[in-house]
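# Observations on the model geometry
The lines below spell out each chain.
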Amino acid sequence: MKRLLKWVLPALILVEVALVWSGLLDLEEAIIVIVGVEVLILITGAGNIFFMVKRYQDDRFSGLDPWSALEGGLSVLLPLPVARLAAAEPRMFYCLARWALRRTKLKDGEFSYHRRSTMDMLVLLVVLVTPVEVLVIELLLQAFLPWLWLRLLVLFIEVYAVFWILGFYASRIALPHRLEGEGVRLRYGVFVEGFVPYSVIEDVEHKRRKSAGYGDGMTVDGMEAFLSTGGYTDITLDLIAPHALNGFRPTKPVDTIHLSVDDPKSFLKKLEERMTATHSEKQHL
């Protein structure tokens, strides 16, 4: 029942958008129905809010960062992919603020992976094209659909889309790969993250490889995961035991991870130092 309630509102909204688009339901009726059903869902699921807050507090107490804990808390009320997206958006805009304020300087043990990306050109293109696109759409709406609410809605969507793209771009800079105390945290912006303990890394190699996918992001091919930039990776981690990474859904466990790093030599050196230190500690125990 809980799983069903998680999907009721998103499914209802999609159905009603289709009904409004087809002309079987006008916009006012659709809004009334959605608000009514949402109130009922909030009433019947009010108890879940308590569990959401408790899950967040438990996750924070166990050592998770606020963003991961927020995602866990939201997953009590929403399907996991929706919860992950809902938690990612405020984090993305937080990254945008850090990037705009130039507070994204790499710290010790952090390594960027974005310099080879073609996304810089995409962001520049969006910034240059959007004002023209907004003007053209505004003129078309004035000519054929001169409703103020529709024009404002389209303007909001256009502006929001620009900030969304800029936020994702900034998240790739503000969230680098990071060597932590117990393992390496691998990322691709707000949408991919995985923590690999040093103890499960069998071997690490500096070698450029072509990704199984295209462009940037994560691709899983068999037992291999590729975190690529510009269609290539620079470092390969061979794992003792299969490990999963988190996208919108956790990947199936993989035993090899290929990742892109802007400074692979330095990354390799420091990673090997951490691995050696971890193995030495184990031998002394």
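The text that follows walks through the structure, step by step, so that each part is easy to find. (Residues numbered from 1 in each chain as written. Predicted model: local features only at pLDDT ≥ 70, side-chain atom pairs only at ≥ 80, totals over all residues. Heavy atoms only, no water.)

### Details of the overall build of the chain
In terms of helices and strands, the chain carries eight helices and nine strands. Excluding contacts between residues fewer than 6 apart, the proportion of contacts in the chain whose partners are at least 24 apart in sequence is 63%. On the chain, roughly 16,900 Å² of surface is accessible, and the fraction owed to carbon and sulfur atoms is 66%. (Helix = DSSP H or I, 4+ residues; strand = E, 2+ residues; numbered from the N terminus. Contact = heavy atoms within 4.5 Å. Areas by Shrake-Rupley, 256 points an atom, 1.4 Å probe, with all protein chains shown as cover.)

### Describing the packing of helix α5 (residues 80–100) against helix α7 (residues 148–174)
Remark: α5 packs on α7, axes separated minimally by 7 Å, with the N-to-C direction vectors making an angle of 75°. Relative to α7, α5 is oriented roughly perpendicular. On the side of α5, the interface is formed by Glu 89, Met 92, Phe 93, Cys 95, Leu 96, Arg 98 and Trp 99, while α7 contributes Tyr 160, Phe 163, Trp 164, Leu 166, Gly 167, Phe 168, Tyr 169, Ala 170, Ser 171, Ile 173 and Ala 174. Partitioning the contact of α5 with α7 into residue classes produces 14 nonpolar, two polar and two charged. (Axes fitted to C-alpha atoms, helices over the stretch in contact; angles between N-to-C directions. Parallel < 35°, antiparallel > 145°, perpendicular 65-115°, else oblique. Nonpolar A, V, L, I, M, F, W, Y, C, P; charged D, E, K, R; others polar.)

### Quick look at the pairing of strand β6 (residues 217–221)
Within a regular strand, side chains alternate between the sheet's two faces. As judged from the five bridges shared by β6 and strand β7 (residues 224–228), these two strands associate in the antiparallel manner. The partner of Thr 219 across the bridge, within β7, is Phe 226. (Pairing = 2+ DSSP bridges.)

### Considerations on the sheet that holds strand β8 (residues 232–243)
Ordered in space as β5-β8-β9-β7-β6, the five strands form an open sheet in which the pairing is mixed. Because the sheet does not close on itself, it has two edges, and the strands there are β5 (201–210) and β6. Shown here is a sheet whose adjacent strand axes are inclined to one another by a mean of 20°, direction ignored.

### Re unusual backbone geometry
Although it is not a glycine, Arg 102 adopts a positive phi angle of roughly 60°. Inspection of the secondary structure puts Arg 102 in the loop between α5 and β1 (110–111).

### A word on the packing of aromatic side chains
All chains considered together, the criterion is met by 10 aromatic pairs. Relative to Trp 149, the ring of Trp 147 has its centre 6.0 Å away and its plane inclined at 10°; by these criteria the two rings are stacked. Under the relative-accessibility criterion, Trp 149 is labelled partly exposed at 45%. Centre to centre, the rings of Phe 168 and Phe 191 are 5.4 Å apart; their planes meet at 35°, and the pair counts as tilted. In this pair, Phe 168 sits in helix α7 while Phe 191 sits in the loop between β3 (183–188) and β4 (192–197), placing the two residues 23 residues apart along the sequence. (Phe/Tyr/Trp six-rings, centres within 6.5 Å; stacked < 30°, edge-to-face > 60°. Buried < 20%, exposed > 50% of the residue type's maximum accessible area, 1.4 Å probe, protein only.)

### Things to note about the pairing of β3
Along β3, six of the six residues are buried, which leaves the element largely enclosed by surrounding structure. Relative to β3, strand β2 (residues 177–179) is paired through two bridges, and the arrangement is antiparallel. Bridge pairing links Arg 178 to Arg 185 in β3. Hairpin connection of β2 to β3: three residues between the antiparallel strands. In this structure, β3 lies alongside β4, joined through six bridges in antiparallel fashion. Each residue of the ladder has a partner; that of Arg 185, found in β4, is Phe 195. Hairpin remark: β3 followed by β4, antiparallel, with three residues in the connecting loop; positive phi at Gly 189, about 60°.

### Details of α7
Given a rise of 1.5 Å per residue, 27 residues ought to cover 39 Å, and the 38 Å separating the end C-alpha atoms of α7 matches this to within 8%. Here the buried face of α7 lies against α5, α6 (119–144) and β3. (Expected span 1.5 Å × (residues − 1).)

### Side note on the nonpolar core
Ranked by internal contacts, the top residues of the largest apolar core, which has 43 residues, are Val 184, Leu 237, Ile 257, Leu 259, Phe 267 and Leu 271. The greatest single-element share of this core, amounting to seven residues, is contributed by α7. Sequence-distant contacts of Val 184, defined by excluding residues within four places in its chain, comprise Arg 178, Leu 179, Gly 194, Phe 195, Val 196, Tyr 198, Ile 201, Leu 237 and Phe 267. Listed in part, the five residues of the second largest apolar core include Met 52, Val 76, Ala 83 and Ala 87. (Core = buried A, V, L, I, M, F, W, Y, C linked by side-chain atoms within 4.5 Å.)

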